[in-house]
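# Fold and geometry: a report
Take a look at the letters that make up each chain.
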Amino acid sequence: MLTKRVIPCLDVKDGRVVKGVNFVNLVDAGDPVELASVYDREGADEVIFLDITATSDDRSTTIELASHAAEELRIPYTVGGGFRDIAGMTKMVAAGADKVSVNSAAIKNPELISLAAAAFGSQAVICAIDAKRVGKADKWEVYVAGGRKATGIDALEWAQEAARRGAGEILLTSMDRDGTKEGFDLALTRAVARAVPIPVIASGGVGTLEHFAEGVIEGEADAVLAASVFHFGTFSIRQVKEYMASQGIPVRLDF
Amino acid sequence: MSHEIVVVDYHKGNLLSVARSLSAVGAEVAISDDPRTISEARGVVLPGVGSFEDAMSYMRPSGQADAVVSSVQRGVPFLGICLGLQLPFQRGSELTSEAWGNGWCPGLGLLSGSVSRLESSRLKVPHVGWNQLHLTERGRQCPLLVDVPEGSNVYFTHSYAPADDIDESIIATKTHYGRTFASTVWHENLFGVQFHPEKSSATGLRILSNFVCIVRG
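What comes next is a walk through the structure. If you're wondering where the values come from, they're calculated on a predicted model, not measured in any experiment.

### Description of unusual backbone geometry
Along the chain, Val-125 of chain B connects to Pro-126 of chain B via a cis peptide bond; the corresponding omega equals 5 degrees. A positive phi angle, near 65 degrees, is found at Lys-181 of chain A, a position not held by glycine. The topology assignment puts Lys-181 of chain A in the loop between strand 9 (169-174) and helix 7 (186-195). Even without being glycine, Asp-147 of chain B reaches a positive phi, approximately 65 degrees. By secondary structure assignment, the location of Asp-147 of chain B is in the loop between helix 6 (137-140) and strand 10 (153-158). In this structure Asp-147 of chain B comes out as exposed when scored by relative accessible area, which is 59%.

Structure below.
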């Protein structure tokens, strides 16, 4: 049986981990590949590097990161953030990234997803969606520019279009929950999971072990993503997986 | 100088992960597209990038196909990964041009049987993620799987897999996804895995380390 995945996400700026990391025994806590290697040993099923370098068009440090990760990591990894065109994505895949994640650029030009899927295969293309609830009803709008800019696009419709165009996965972040530690937006996660025939990675809001399991059981997500609870050592990946297993969720525990 | 292990480069993708994982378990590794370098290797790894027809249409004219086939026939240990497991079979249905119509592209022909698409109305194809290895009787004796317990999780990403017409006696592990397929095969000095050991964390390193032991006799 295909297991449900637990994915730590690392925010990277100019080649360095941005959010504080509270890890002992790291030679360099700012080195994204070293941190990712720790997660690899601790049982992460994959890792995502999110490049949040805002202004620069120069992605050379991120390409270096992808290539260094290919040498050091023994699990699959994704690089996301800042892609503008297929050329940039191609460089990242050539450097060794297993998957690329595209967000704002695909909103501007949805064809980018089709091109990437044709070039690298759907399994290598993640469409990241930042969604925010509109009013009280179960309706969500897509935001871009790190969640600062509304697009007027319905999140469910966009997820469906991304899947139609060949995205292999949806990385779904609730802007309402991100950073709150109140748990995933389960209604949003479930709505998207039911709307698309591809895996959904739930993101934004994890604060407790129960939240991880809820994301899969109630949110119907195929994978759960978190950042700070791992970086600050609130939970180890093994703790999360053991808890999920105790709730009847198939996870990989032989590491 | 002959290398301990040569990773065959058929110009379809990044081979750093495979090469680095083999180095990490102590092998002396080179990545090469040169048929002569491949022929002289004491162990050959055929990695998994690209598609069946694309890989064959590079390997045949370049002389890589002959180099790999003659190495395997001389008894040189061979490990095929993902597509690299599929290419030794007689034929594959993953076509990228019109050259073979709606039929089959010939493979290296080292193993009998075909490679076909995973079809499922219920499950998502490609099959991507961590899934389990179920050992057969043959698998329990397989030197590639020493210290790999029943039910071990490994990382898959593929849409095609060995079909039901392959020789049952070479199957060392099976995996279920849509259908049950051979996830590890073993015939004499030829080993093939449908998953990616270089992406399968500690279990994958164990398998690669076993292959290095096989190469060293």
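Additional details are given in the paragraphs that follow.
### Observations regarding the interface of chain B and chain A
Counting residues at the interface gives 26 residues for chain B and 29 residues for chain A. Among the residues of chain B in contact with chain A, Lys-124, Trp-130 and Lys-199 of chain B are the three that bury the most area, contributing 30% of the side total. The tally of links between chain B and chain A comes to four salt bridges. Here chain B is connected to chain A by twelve residue pairs in polar contact (both at pLDDT 80 or more). Of all elements in the fold, only helix 1 (16-24), strand 8 (127-132), strand 10 and helix 7 (201-216) of chain B reach the threshold of two or more residues within the side of chain B that touches chain A. Here the element with the most residues in the side of chain B that touches chain A is strand 8 of chain B; it accounts for six residues. The residue inventory of the side of chain B that touches chain A, partitioned by class, reads eight nonpolar, 14 polar and four charged.

### What to know about the packing of aromatic side chains
Aromatic ring pairs: the centre-centre distance and the angle between the two ring planes describe each pair. Residue and element names in this part refer to chain B. Inspection of every chain in the model, using the stated rule, returns seven aromatic pairs over all chains. Both rings, one in Phe-156 and one in Phe-195, keep their centres 5.8 Å apart while their planes meet at 70 degrees; by these two values the pair is edge-to-face. Of the two residues, Phe-156 sits in strand 10 while Phe-195 sits in the loop between strand 14 (190-193) and helix 7, which places them 39 residues apart along the sequence. The class of Phe-195 is buried, set by a relative accessible area of 0%. Judged by centre distance (6.0 Å) and plane angle (5 degrees), the ring pair of Trp-186 and Phe-191 falls under stacked. For the residue pair Trp-186 and Phe-191, the accessibility class agrees, reading buried in each case.

### Observations concerning the environment of Phe-195 of chain B
Considering only alpha carbons, one finds Phe-195 of chain B and Leu-83 of chain B, 112 residues apart in sequence, at a separation of 9.3 Å. Apart from residues lying up to four places away in sequence, Phe-195 of chain B is in contact with Ile-81, Cys-82, Leu-133, Val-154, Tyr-155, Phe-156, Ser-183, Thr-184, Ser-200 and Ile-207 of chain B.

### Quick look at the nonpolar core
The biggest cluster of nonpolar side chains holds 79 residues, and the ones touching the most others in it are Phe-49, Tyr-77, Ile-170 and Phe-212 of chain A. For this core, the element with the most residues is helix 7 of chain A, which contributes six residues. Those residues within four positions of Phe-212 of chain A in sequence are excluded, and the remaining contacts are Phe-184, Val-206, Val-224, Ala-226, Val-229, Phe-230, Phe-235, Val-240 and Met-244 of chain A. By size, the runner-up hydrophobic cluster in this structure holds 67 residues, among which are Leu-85, Leu-133, Val-185 and Ile-207 of chain B.

### So, the side chain of Ser-17 of chain B
With respect to the element layout, Ser-17 of chain B can be found in helix 1. Classification of Ser-17 of chain B by relative accessible area gives buried; the value is 6%. Here the side chain of Ser-17 of chain B touches Lys-199 of chain B through a polar contact of 3.4 Å, side chain to side chain. The contact partners of Ser-17 of chain B, leaving out residues within four places of it in the chain, are Ala-70 and Arg-74 of chain A together with Glu-198 and Lys-199 of chain B.

Procedures and definitions
Residues numbered from 1 in each chain as written. Chains lettered and ligands numbered in written order. Predicted model: local features only at pLDDT ≥ 70, side-chain atom pairs only at ≥ 80, totals over all residues. Heavy atoms only, no water. Helix = DSSP H or I, 4+ residues; strand = E, 2+ residues; numbered from the N terminus. Buried < 20%, exposed > 50% of the residue type's maximum accessible area, 1.4 Å probe, protein only. Contact = heavy atoms within 4.5 Å. Buried area = accessible area lost by both parts, 1.4 Å probe. Salt bridge = Lys/Arg side-chain N within 4 Å of Asp/Glu carboxyl O. Polar contact = N/O pair within 3.5 Å; in protein donor to acceptor, adjacent residues only side chain to side chain. Nonpolar A, V, L, I, M, F, W, Y, C, P; charged D, E, K, R; others polar. Phe/Tyr/Trp six-rings, centres within 6.5 Å; stacked < 30°, edge-to-face > 60°. Core = buried A, V, L, I, M, F, W, Y, C linked by side-chain atoms within 4.5 Å.

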